[in-house]
Amino acid sequence: MLKEIKILAGHGKQFVPDLRNQPVSARFRGRPVIASAITAEDIERAAAICPVSAIDRRNGAIDLGRCTFCNECALALPEAYRFTNDYRIAATRRGDLVIRPGQTDPLRIDETAVRPEVRKLFKRSLKLRQVSAGGDNSCEMELAASGNVNFDVGRYGIEFVASPRHADGIVITGPVTENMAEALQICYDAIPTPKVIIVAGTDAISGGIFDGSPALNRRFIETHTVDLYVPGNPAHPLTFINGVMDMLGL
Ligand code: SF4
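Okay, so let's go over this structure.

What counts and how
Residues numbered from 1 in each chain as written. Predicted model: local features only at pLDDT ≥ 70, side-chain atom pairs only at ≥ 80, totals over all residues. Heavy atoms only, no water. Near = heavy atom within 4 Å. Nonpolar A, V, L, I, M, F, W, Y, C, P; charged D, E, K, R; others polar. Pairing = 2+ DSSP bridges. Helix = DSSP H or I, 4+ residues; strand = E, 2+ residues; numbered from the N terminus. Axes fitted to C-alpha atoms, helices over the stretch in contact; angles between N-to-C directions. Contact = heavy atoms within 4.5 Å. Buried < 20%, exposed > 50% of the residue type's maximum accessible area, 1.4 Å probe, protein only. Core = buried A, V, L, I, M, F, W, Y, C linked by side-chain atoms within 4.5 Å. Right-handed = clockwise from strand over helix to strand, strands pointing away. Phe/Tyr/Trp six-rings, centres within 6.5 Å; stacked < 30°, edge-to-face > 60°. Lys NZ or Arg CZ within 6 Å of the ring centre and 35° of its normal. Polar contact = N/O pair within 3.5 Å; in protein donor to acceptor, adjacent residues only side chain to side chain.

### A short note on the site of the ligand
Looking at the ligand, there are 13 residues lining it, with Cys50, Cys67, Cys70, Asn71 and Cys73 nearest. Looking at the shell around the ligand residue by residue, the classes come out as 11 nonpolar, 2 polar and no charged.

Next comes the structure, spelled out in C-alpha cells:
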C-alpha cells in the first residue's frame, strides 16, 4: 500500500490545474507579432513564401483563419514576423483573426458578438457534436484531447456527445468536402435550437490548403452565423478550451 501511495505522489498532478494560464513550450506557435515598421519589400517576400496566401500583400497582416502556422515567414524574415506562444487566439468575429503590423495586444473575443442565449442557456453545460467534414484527423484528435485527463474540459460541463440529438451545438473540422456537405447539414438540423456553431482549425475556417478546390462545398459555413472561430493547424486543446470558456463567459 505504501508503495502505491509513493507512486501516486511521484506522479504529481495529472491534470492542468489552470487552463487559463497553462505555460506551454516557447516553440509553440500561437499569436503572431508583425513589426510595425515592416517594409513593402519584406511584405512581398513573405507573401511570396506563404503557401496559403495568409499574408495580405497590401499591409503584411496575417489572417489566422488561413495561416497554417508553418513558420516559413518567420524563418525567412525574423525581424518582421515572429510567433509568440500565446494560444488564446480564438475569436467570435472572422475579421478579428487578422493580425496587423504593430498589433501586440492579446487577442480577446468580442463580447458583443456573443448571442445572449448562448451564455444564458449553456454556461453551466455545453454538449457538442463534432463533425469531421473532410478533416485529416489532426484537429479531431486535438478536440478529443480536450476531454482527456490532462485538459479535462468536462470539469466545466463542456463535453462531446455521440448524437446531435443530445447536443447544444456543433464543432466543424475539415475543409468541408462535397461528400460531407449534406451530412453536415443533416447533423446541424438534428440539433435542437438554439444551437451553437464552432469552427475549429484552418481547414474549417477558410478551406486552408484546399481553398478553391472543386472537391469542397463550403456553402454551410458561408450561409450560417459562426459563434466561435478556433484557429490552428491543428487547433490546440488550450485554444479550443479558452475560446469556448470566453464565449460562455466562464
Ligand atoms: S506561418 Fe502562416 S503566414 Fe507565415 S508563411 Fe506559414 S502560413 Fe503563411
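### Things to note about the sheet that holds strand E5 (residues 126-132)
Strand order in the open sheet formed by 5 strands is E6-E5-E7-E8-E9, and the pairing between neighbours is parallel. Looking at which strands have only one partner, the edges of the open sheet turn out to be strand E6 (158-160) and strand E9 (228-230). Here the average twist between neighbouring strands, direction ignored, is 25 degrees. Relative to the sheet, helix H6 (residues 178-190) contacts E5, strand E7 (169-173) and strand E8 (196-200), its axis offset from that of E5 by approximately 165 degrees.

### Quick look at helix H5 (residues 138-145)
Helical geometry: 3.6 residues make up each α-helical turn, so side chains three or four residues apart lie on a common side. Buried within H5 we find Cys139, Glu140, Leu143 and Ala145. Against the buried residues of H5 lie E5, E6, E7, E8 and helix H9 (237-248).

### Section: the nonpolar core
Ile62, Tyr81, Ile170 and Ile172 are the most contacted members of the largest nonpolar core, which has 43 residues in total. Counting only elements with at least two residues in this core, the list comes to helix H2 (40-49), helix H3 (72-76), strand E3 (81-83), E7, H6, E8, helix H7 (202-206) and helix H8 (219-223). Ignoring sequence-local partners within four residues, the contact set of tyrosine 81 consists of Val33, Ile34, Ile38, Ile43, Ala46, Ile55, Gly60, Ile62, Cys73 and Ala74. Residues Val16, Val118, Val196 and Ala235 belong to the second largest nonpolar core, which totals 29 residues.

### A short note on the environment of glycine 174
Its place among the elements puts glycine 174 in the loop between E7 and H6. A relative accessible area of 6% means that glycine 174 is categorised as buried. It is 19 Å that separates the C-alpha atoms of glycine 174 and aspartate 189, two residues lying 15 residues apart in sequence. Those residues in contact with glycine 174 that lie beyond four places of it in its chain are Ala133, Gly134, Gly135, Asp203 and Ala204.

### Here we look at the pairing of E8
Most of E8 is tucked away, with 5 of its 5 residues classed as buried. Along E8, one buried face is formed by Val196, Ile198 and Ala200 and the opposite face, lined by Ile197 and Val199, is buried too. Pairing between E7 and E8: 4 bridges, direction parallel. Within E8, the residue paired with isoleucine 170 across the bridge is isoleucine 197. As a crossover connection, the stretch from E7 through H6 into E8 is right-handed.

### Section: the packing of aromatic side chains
Across all of its chains, the model carries 3 aromatic pairs by this definition. When the centroid spacing of 5.9 Å and the interplanar angle of 55 degrees are considered together, the rings of phenylalanine 69 and phenylalanine 83 count as tilted. Taken as a pair, phenylalanine 69 in the loop between strand E2 (62-63) and H3 and phenylalanine 83 in strand E3 lie far apart in primary sequence, 14 residues in all. A relative accessible area of 13% places phenylalanine 83 in the buried class. Their ring planes at 75 degrees and their centres at 5.2 Å tell us that tyrosine 188 and phenylalanine 220 sit as a pair that is edge-to-face. Note that tyrosine 188 is positioned in helix H6 and phenylalanine 220 in helix H8, a separation of 32 residues in sequence. Since its relative accessible area comes to 13%, tyrosine 188 is described here as buried. Between the NZ or CZ atom of lysine 195 and the centre of the ring of tyrosine 188, over which it lies, the distance is 4.2 Å.

### A short note on the side chain of threonine 202
By the element assignment, threonine 202 lies in helix H7. The exposure class assigned to threonine 202 is buried, which follows from its relative accessible area of 0%. Polar contacts involving the side chain of threonine 202 include one to the main-chain carbonyl oxygen of cysteine 67, which spans 2.7 Å. If sequence neighbours within four positions are ignored, threonine 202 has contacts with Leu64, Gly65, Arg66, Cys67, Thr68, Phe69, Gly207, Gly208, Gly232 and Asn233.

By themselves, these are just geometric observations and shouldn't be taken as functional.
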